[in-house]
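Each chain is listed here by its residues.
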Amino acid sequence: MERYIFSSSSQITHIIILMCVFVVMSATLVHGQGTRVGFYATTCPRAESIVSSTVATHFRANPAIAPALLRMHFHDCFVRGCDASVLIDGSNTEKTAPPNLGLRGYEVIDDAKTQLEAACPEIVSCADILALAARDSVVLTGGRSWLVPTGRRDGRVSLSSETTDLPGFTESIDSQKQKFSAKGLNTQDLVVLVGGHTIGTTACQFFSYRLYNFNGTASSDPAINASFLPQLQALCPQNGDGTKRVAFDTGSENRFDASFFDNLRDGRGILESDQKLWTDASTRAIVQRFLGITGLAAFNVEFGRSMVKMSNTGVKTGTDGEIRKICSAMNS
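The residue numbers shown here count from 1 along each chain, following its written sequence. Totals for whole chains, interfaces and linings use all residues, but because this is a predicted model, local features are given only for residues with pLDDT of at least 70 and pairs of side-chain atoms are given and counted only at 80 or more. Only heavy atoms go into the side-chain values, all of them from the structure, while hydrogens and water stay out.

Per an unreviewed UniProt entry, the recorded name for the chain is Peroxidase, and the organism is Hevea brasiliensis. Looking at the Subcellular location (unreviewed entry) heading of the UniProt record, one finds this comment for the chain: "Secreted". The Catalytic activity (unreviewed entry) comment attached to the chain in UniProt states, word for word, "2 a phenolic donor + H2O2 = 2 a phenolic radical donor + 2 H2O". UniProt positions are given in the numbering used here, feature names are shortened, and annotations may be inferred rather than shown by experiment.

Right under this line is the structure:
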C-alpha cells in the first residue's frame, strides 16, 4: 500500500487547513447554485410577509383558495420543475391543458406580485411566490408551517403537451410511482403529497364512473365502502352535473389534518388514484403511519419535508430563467 510521509507536523496542519478550505468552498458553490432559506433577507426583507398577508386576505374572502394554491404549486413543479410555467397565458401553454383547466388562484399570485414589484422591483420570482403561497395555505387551514427555501427563477417555456407528466386520477400506483420518481420523489413522498387532498374538492366528472359502471361492470368500484356509496351517488347522480364539487376528505375538507388517510382505510377515498394508496400493499404501510390522532403529528412533519423536496424539483437559479415582471407573461 502506498504511503505518504510528512516531514513535520506543520506540513500536516497546512494540508488539513487546505482540505477544510476546499470543503467549505465546495459547499458554498453548491449552495449558491440552489435555493436557500432567507434568500431575500437583504434584497427584499418583506417578501415572505407580503406573500403571507396577501394569501391570508384572499383566504378570508374565500377559504377554497388554500387548496387551490397548494394544487397549483404541485402542478407547476411536475412540469419543467418549479418555475411558474403554469402561470403563463397564451395558446398551447400549460394553463390551457386539460389537467390545468380547473386551476384557481391566479389572482392571488398576481396580487402578491403587484405588491412585491412595488416594494422590490424585479427581485422576487413568481415561482417563489407560488412556493410560499402553498406553505401559507397549509398553515391557514391548520397545518404545520415549514421553512421554504427560495431563490427560484421563472421559466421561459410553457407547453400544454408536457402536462402528461402530471399524475392522473385513474393511474395505477406503479404509474404514479414512476412519475414521482422522475422528479426525484420516492414512494413516501407520493403518499405524503397526495395527502394534500386533506383539503379541497374535486368535480363529479373525475370519479362518478366509479359509482355506476366501473370498468364496464355495470356496478360500482368494490373499493368504495358500501355504506358510503349512496352518499356519493346522491352527490353525483348518474348523468348529473359533472362540474359539481365534492370534498376529497369527507367531513374535513377545510382542515389540514390526517383524516384523509382514515378515509382511505375506510374505503371513503374519492378519486380512484387516491383510494389505491390503501388497496395497494406497497403504499398501504405508509398510509398506516398517518392513521388516527398519533398519525397527524407524523404527517405534518413529513408533509413539510416532502414539500421542500418537491419545491426544489428542476428549479432554475443563478442566471438561468428570469424574474418576471408580470407572472402571466414572460419578459419581452
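## Focus: the pattern of salt bridges
When a carboxyl oxygen of Asp or Glu lies within 4 Å of a side-chain nitrogen of Lys or Arg, that pair is called a salt bridge. Scanning all chains against the criterion turns up 18 salt bridges. Its salt-bridge partner being K309, residue D189 comes within 2.8 Å of it at the nearest N-O pair. With D189 in helix α7 (residues 187–194) and K309 in helix α13 (residues 292–311), this pair connects stretches of sequence that are 120 residues apart. To sort residues, take the accessible area from a 1.4 Å probe on protein chains only and compare it with the maximum for the residue type: under 20% means buried, over 50% means exposed, and anything in between is partly exposed. Under the relative-accessibility criterion, D189 is labelled buried at 5%. For R210, the salt bridge identified is with D221, shortest N-O distance 2.9 Å. Pair noted here: R210 is in helix α8 (residues 209–212) and D221 is in the loop between α8 and α9 (229–235), with a separation of eleven residues, a long-range link. Neither residue differs from the other here; R210 and D221 are each classed as buried. One connected set of salt bridges, linked through shared partners, spans E48, R135 and D136. Here a strand is any run of E in DSSP of at least two residues, a helix any run of H or I of at least four, and the numbering for each starts at the N terminus.

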